[in-house]
Amino acid sequence: MSAPAPVAVTDAPGGAPGAAPVRDRAFSKANLVKTIAGGYVPLVLATLVVFLPLAWMVLSSFKTPGEIVTTDLKIFPEQPYTQNYVDATTTVPFGRFFLNSTIVTFVGSAIKVALAILTAYALVFVRFPFKNVIFVLILVALMVPSQVAILPNFVLIAGMGGKNTLWGIILPGLGTAFGTFLLRQHFMTLPGSLLEAAELDGAGHWGRLWRIVVPVSLPAIATVALVTIVSEWNDYIWPLIITDRPETMTLPVGLTLLQNSEGNVGNGWGILMAGAVLVIVPVLVVFAMLQRYIVAGLTQGSVSN
């Protein structure tokens with residue numbers, strides 16, 4: 001049998017057969033321009049859009065009122081003015097706000113994540129009628145903004161006696177369409193042989209879920225937990241509507257009392273900035289602890305064999 005005829009390469013300019021393809025050098029001017037314009041410039045702009053407001057908030061929290069409300073722009077404070085943090089924690093019952101936010105975030109996030117795990121497992125591994133219809137309804141709930149349900153939720157919770165209570169803040173948001181969708185997509189990528197082996201060993205759905213599915217899905221579950229914790233901690237609209245007493249307010253809502261307690265708007269900006277810094281610090285700590293799971297959790301299942 002004769003050898004196959006060689007294939008001509010026509011990648012060179014002019015289509016000359018057999019010529020090697022022409023590529024730009026790694027450090028050529030064209031490659032550097034493409035890298036800077038298409039990579040570094042958008043990255044720097046996106047970073048500045050996110051970072052500059054946070055940096056201004058932190059710097060303003062250490063400024064005196066005269067350094068904030070002035071026509072002479074001063075980026076850095078002349079001397080750190082820590083009295084803003086003292087006033088932010090003493091002007092309003094800051095400790096009570098922090099405790100309320102911690103309870104609402106911990107309880108609400110734990111229940112949300114547990115419900116998302118159970119719902120996603122049922123949608124993937126349990127056979128029951130209208131399963132696909134239920135999943136479509138979950139997708140619809142994911143597309144509908146939560147503000148649409150504020151009025152019905154207020155009427156329902158207030159009628160149940162949940163106004164100015166912590167359970168009234170937690171109850172309406174226990175369902176998480178995002179967490180259910182993300183975990184369902186991840187559970188669908190798990191090898192069926194794992195669950196089949198557990199079933200042959202006599203494990204029921206409960207055993208398969210907590211002994212097989214959950215341990216191998218920790219990155220995805222951590223991602224859902226992080227998103228849920230951040231959303232619960234930063235939630236403002238619903239706690240503002242359902243509570244009007246300081247005893248049951250959360251931290252984001254409590255900041256409004258800082259603003260209302262100051263007669264002079266100029267004197268209140270530094271205190272507000274200090275309160276905002278204290279609000280975001282716990283979220284940053286949680287994010288730093290779980291951030292290594294985010295990329296792994298969001299990309300699991302994106303490549304199928």
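Residues numbered from 1 in each chain as written. Predicted model: local features only at pLDDT ≥ 70, side-chain atom pairs only at ≥ 80, totals over all residues. Heavy atoms only, no water.

Draft legend 1. A look at the overall build of the protein chain. Summing up its helical and strand segments, the protein chain has 15 helices and zero strands in all. Residue pairs at least 24 apart in sequence account for 67% of intrachain contacts in the protein chain once pairs closer than 6 positions are excluded. Only carbon and sulfur atoms are counted for the fraction: they give 69% of the accessible area of the protein chain, which is about 18,700 Å². (Helix = DSSP H or I, 4+ residues; strand = E, 2+ residues; numbered from the N terminus. Contact = heavy atoms within 4.5 Å. Areas by Shrake-Rupley, 256 points an atom, 1.4 Å probe, with all protein chains shown as cover.)

Draft legend 2. Examining the pattern of salt bridges more closely. Counted under the stated rule, the structure contains two salt bridges. A salt bridge links Lys 112 to Glu 232; the shortest N-O distance between them is 2.9 Å. Placement of Lys 112 in helix α4 (residues 94–125) and of Glu 232 in helix α11 (residues 218–234) is noted, with a sequence separation of 120 residues between them. Residues Lys 112 and Glu 232 agree in their burial class; the two are buried. A salt bridge links Asp 244 to Lys 163; the shortest N-O distance between them is 3.9 Å. One end of the pair, Asp 244, is in the loop between α12 (237–242) and α13 (251–261); the other, Lys 163, is in the loop between α6 (150–159) and α7 (166–170), with 81 residues separating them in the sequence. (Salt bridge = Lys/Arg side-chain N within 4 Å of Asp/Glu carboxyl O. Buried < 20%, exposed > 50% of the residue type's maximum accessible area, 1.4 Å probe, protein only.)

Draft legend 3. Up close: the packing of aromatic side chains. Taken as a whole, this structure holds six aromatic pairs when the rule is applied. Aromatic side chains Phe 62 and Tyr 85 sit 5.2 Å apart centroid to centroid with 45 degrees between the ring planes, which places their arrangement in the tilted category. Here Phe 62, found in the loop between α1 (29–60) and α2 (65–68), pairs with Tyr 85, found in helix α3 (residues 83–90); they are 23 residues apart in sequence, far enough to count as distant. Residue classification places Phe 62 among the partly exposed positions, given a relative accessible area of 26%. Where Phe 135 meets Phe 181, the ring centres are 6.3 Å apart and the plane angle is 15 degrees; that geometry is what we call stacked. One end of the pair, Phe 135, is in helix α5 (residues 131–143); the other, Phe 181, is in helix α8 (residues 177–187), and 46 residues separate them in sequence. A connected cluster of aromatic rings, assembled from ring pairs, spans Tyr 121, Phe 125 and Phe 187. A cation sits over an aromatic face here: Lys 63 above Trp 56, 4.1 Å from the ring centre. The residue whose ring lies beneath Arg 184 is Phe 135, and the NZ or CZ to ring-centre distance is 3.7 Å. (Phe/Tyr/Trp six-rings, centres within 6.5 Å; stacked < 30°, edge-to-face > 60°. Lys NZ or Arg CZ within 6 Å of the ring centre and 35° of its normal.)

Draft legend 4. Region of interest: the side chain of Thr 250. Relative to the helices and strands, Thr 250 resides in the loop between α12 and α13. Accessibility expressed as a relative area gives 4% for Thr 250, which makes it buried. Sequence-distant contacts of Thr 250, defined by excluding residues within four places in its chain, comprise Phe 97, Asn 100, Ser 101, Val 104, Ile 169, Asp 235 and Pro 239.

Draft legend 5. Broad picture of a nonpolar patch on the surface. A cluster of nonpolar side chains, Leu 32, Ile 36, Tyr 40, Val 41, Val 44, Leu 45, Leu 48, Phe 51 and Leu 52, forms an exposed patch at the surface whose accessible area comes to about 850 Å². Topologically, Leu 48 is positioned in helix α1. Look at Leu 48 and you get partly exposed, because its relative accessible area is 37%. (Patch = residues over 30% accessible without salt bridge, like charges linked within 9 Å, V, L, I, M, F, W, Y side chains within 5 Å.)

Draft legend 6. Main features of the confidence of the model for the protein chain. Counting all residues, the mean pLDDT for the protein chain is 81, and 84% of those residues have values of 70 or more. pLDDT under 50 marks residues 5–12. Its contacts with residues more than four places away, or in other chains, come to 14 contacts. A low-confidence stretch, residues 301–305 (pLDDT under 50), is modelled with one contact involving residues beyond four sequence positions or located in other chains. (pLDDT = per-residue confidence, 0-100.)

Draft legend 7. Geometry of the environment of Trp 269. With respect to the helices and strands, Trp 269 occurs in helix α14 (residues 265–290). Counting along the chain gives 10 residues from Trp 269 to Gln 259, while the straight-line C-alpha distance between them is 8.0 Å. Sequence-distant contacts of Trp 269, that is, excluding residues within four places in its chain, are made with Ile 68 and Val 69.

Draft legend 8. View of the packing of α5 against α8. Where α5 meets α8, the closest approach of the two axes is 9 Å, and the angle between their N-to-C directions is 130 degrees. One element, α5, and the other, α8, form an angle in the oblique class. Two packed elements cross with a definite hand, and for α5 against α8 that hand is left-handed. Counted together, Phe 135, Ile 138, Leu 139, Ala 141 and Leu 142 of α5 and Ala 177, Phe 178, Thr 180, Phe 181, Arg 184 and Gln 185 of α8 form the full contact between these two elements. Taken together, the residues that form the contact of α5 with α8 break down as eight nonpolar, two polar and one charged. (Axes fitted to C-alpha atoms, helices over the stretch in contact; angles between N-to-C directions. Parallel < 35°, antiparallel > 145°, perpendicular 65-115°, else oblique. Left-handed = near helix turned anticlockwise from the far one by under 90°. Nonpolar A, V, L, I, M, F, W, Y, C, P; charged D, E, K, R; others polar.)

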